[in-house]
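Residues per chain are reported as follows:
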Amino acid sequence: MSGYEDNAFYQFWGLDTVVVTVTHVTGALASGVHVFSNRDGDRQSHTLGGSVSFEFHAETDVPVFWSIHLIQKGADNTMVRYDVEYEILP
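Since the structure is predicted, the reported quantities are computational estimates derived from the model, not experimental observations.

Reading the values: the criteria
- Residues numbered from 1 in each chain as written.
- Predicted model: local features only at pLDDT ≥ 70, side-chain atom pairs only at ≥ 80, totals over all residues.
- Heavy atoms only, no water.
- Pairing = 2+ DSSP bridges.
- Helix = DSSP H or I, 4+ residues; strand = E, 2+ residues; numbered from the N terminus.
- Axes fitted to C-alpha atoms, helices over the stretch in contact; angles between N-to-C directions.
- Phe/Tyr/Trp six-rings, centres within 6.5 Å; stacked < 30°, edge-to-face > 60°.
- Buried < 20%, exposed > 50% of the residue type's maximum accessible area, 1.4 Å probe, protein only.
- Contact = heavy atoms within 4.5 Å.

Draft legend 1. Fine view of the sheet that holds strand S6 (residues 64–73). Ordered in space as S1-S6-S3-S4, the four strands form an open sheet in which the pairing is antiparallel. Edge strands, defined here as strands with exactly one partner in the open sheet, are strand S1 (7–14) and strand S4 (41–46). In this sheet, neighbouring strand axes are inclined to one another by 15 degrees on average, regardless of whether the strands run parallel or antiparallel. Note: strand S3 (residues 32–37) against S4, six bridges, orientation antiparallel. Within S4, the residue paired with Val35 across the bridge is Arg43.

What follows is the structure in structure tokens.
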């Protein structure tokens, strides 16, 4: 994602834990990100030239439908990369 309020929306079926990692790539060091989950609220943080991980939980043993929405909060010249990790049934 790049630029102020650029965003990404990711939907999937997964088990009880989702980890979203956001890594600062280039641009203003004062960049940040908001990450929203339909199952476990929202998280926010500055990336400050490094990376930050957010963990979300659903407290279930069966697959559930997840919606993850990320919003970049930094200068227009800022770029971040994100990874969404989750487990599915074999």
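Draft legend 2. Examining the packing of aromatic side chains more closely. With the rule as written, the count across this model stands at four aromatic pairs. Ring geometry for Trp13 and Phe65: centres 5.5 Å apart, planes at 65 degrees, overall edge-to-face. Within this pair, whereas Trp13 is found in strand S1, its partner Phe65 is found in strand S6, the two being separated by 52 residues in sequence. An aromatic cluster is defined as three or more aromatic residues linked by ring pairs; in this entry it consists of Tyr10, Phe12 and Tyr86.

Draft legend 3. How the structure looks around the sheet that holds strand S5 (residues 51–57). Spatial ordering of the open sheet is given by S5-S2-S7, a layout of three strands whose pairing is antiparallel. Unpaired on one side and paired on the other, S5 and strand S7 (79–86) mark the two borders of the sheet. Sheet twist, expressed as the mean angle between neighbouring strand axes with direction ignored, is 20 degrees. Inspection of the sheet shows strand S2 (residues 17–26) paired to S7 by eight bridges, in the antiparallel sense. If you follow Val22 over to S7, its bridge partner there is Tyr82.

Draft legend 4. Quick look at the environment of Ala28. By the element assignment, Ala28 lies in the loop between S2 and S3. The partly exposed category is assigned to Ala28, whose relative accessible area is 27%. Linking Ala28 and Ser45, residues 17 residues apart in sequence, is a C-alpha distance of 14 Å. Ala28 has contacts with Ala75, Asn77 and Thr78, leaving out every residue within four places of it along the chain.

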